[in-house]
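Structural characterization, general
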Amino acid sequence: MTFALLLVLGQVTALEQLKADESPPKGLECLARYYLGSAVKHDGRWWLSLGKEGELPWESPDGPDLEGAATALSDLFRVPYVTGPITPVEGPEDAEDPGRTRVDGLFKATYGATRREVEERLGRWRFRGVRYPVHERAVAAFDRVSVRIDALLKEKPKLSKFVENIGGTWSWRTIARTKVMSTHAFGIAVDLNVDLSHYWRWVRPRKPLKWKNRFPQEIVDAFEAEGFIWGGRWVHFDTMHFEYRPELLDPSCREGVVTPPARDGGTSDAGTPDSGVR
Ligand SMILES: [Zn+2]
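Residues numbered from 1 in each chain as written. Predicted model: local features only at pLDDT ≥ 70, side-chain atom pairs only at ≥ 80, totals over all residues.

1. Focus: helix α3 (residues 104-111)
Taken together, the buried positions of α3 are L106, A109 and Y111. Backbone geometry just downstream of α3 places G112 in the positive-phi region, at approximately 130°. (Buried ≥ 20, exposed ≤ 12 C-beta atoms within 10 Å, placed from the backbone. Helix = DSSP H or I, 4+ residues; strand = E, 2+ residues; numbered from the N terminus.)

If you want it as structure tokens, here you go:
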């Protein structure tokens, strides 16, 4: 091999390295795909540019705050959301629930920053013969869930009780006892049958917190297949609750995300980080 060829090869490798450094993190690319904005790099850091809504950092030296609002977009992917067989969720009460971390700025830029802005962009989700207000960006995903549930109930009509007495979809509010907007405010969440739901704050005795659920695997699978996370996968369980978080159900979004080792339970004095119905 001649020296000139080695030199060229060296340059090609350096160029590839440079290109790798210049491609945005997978998770950031996913957010740009499922939400608004585009990945940009400056000052040696990656950001999601939301145009006039400003920029959100991909990484931050601080973790999410105690109410579950993230300080950086990469926080969204820190705790993996795992689908598959329903299993009791056991863990310390201060455990972080997969998907609980949210970035208000991202949701506000994508879905609307005020009650009015969201309201103007509500579409209609037809579900079991009733129409519910949901955000127009999520209508298609909600509709695909309807198709799945209709097919399921044809086969197993006994499961229909879970999709009766629906708790609701859109509601402009924060998560109770926090300043964080509920995903219901953006029209991307639904609460199924309230009477068949278990919610961590309703459980007595409160300590130790014991996970409970009646919702069947098939209903959970139908929502998860279309990009919805389920509140039954949380230590702070809310089993009627489903919310559209496609970035958490797309495995490619987590590529390269390092999951920190699990915290040991019972030593934190920070209290319960979350509260209130989502
Ligand atoms: Zn809910």
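2. Looking at the environment of G37
Among the structural elements, G37 can be located in the loop between α2 (26-34) and β1 (38-42). Looking at G37, the number of C-beta atoms within 10 Å reads 23, which means it is buried. For the pair G37 and L56, spaced 19 residues apart in sequence, the C-alpha to C-alpha distance is 9.6 Å. Setting aside its immediate chain neighbours within four residues, G37 contacts A32, L48, S49, L50 and A109. (Contact = placed C-beta atoms within 7 Å.)

3. Remarks on the sheet that holds strand β6 (residues 166-168)
The strands making up a sheet are joined through hydrogen bonds of the backbone, oriented either antiparallel or parallel. Here four strands make up an open sheet; going across it, the order is β6-β7-β9-β8 and the pairing antiparallel. Two strands lie at the open edges of the sheet, namely β6 and β8 (228-230), each paired on one side alone. Averaged over all adjacent pairs, the angle separating strand axes in this sheet is 25°, with direction ignored. Alignment of β8 against strand β9 (residues 241-244), held across three bridges, turns out to be antiparallel. When the bridges of β9 are listed, W230 appears paired with F242. Relative to the sheet, helix α6 (residues 217-224) contacts β8 and β9, its axis offset from that of β8 by approximately 145°. (Pairing = 2+ DSSP bridges. Axes fitted to C-alpha atoms, helices over the stretch in contact; angles between N-to-C directions.)

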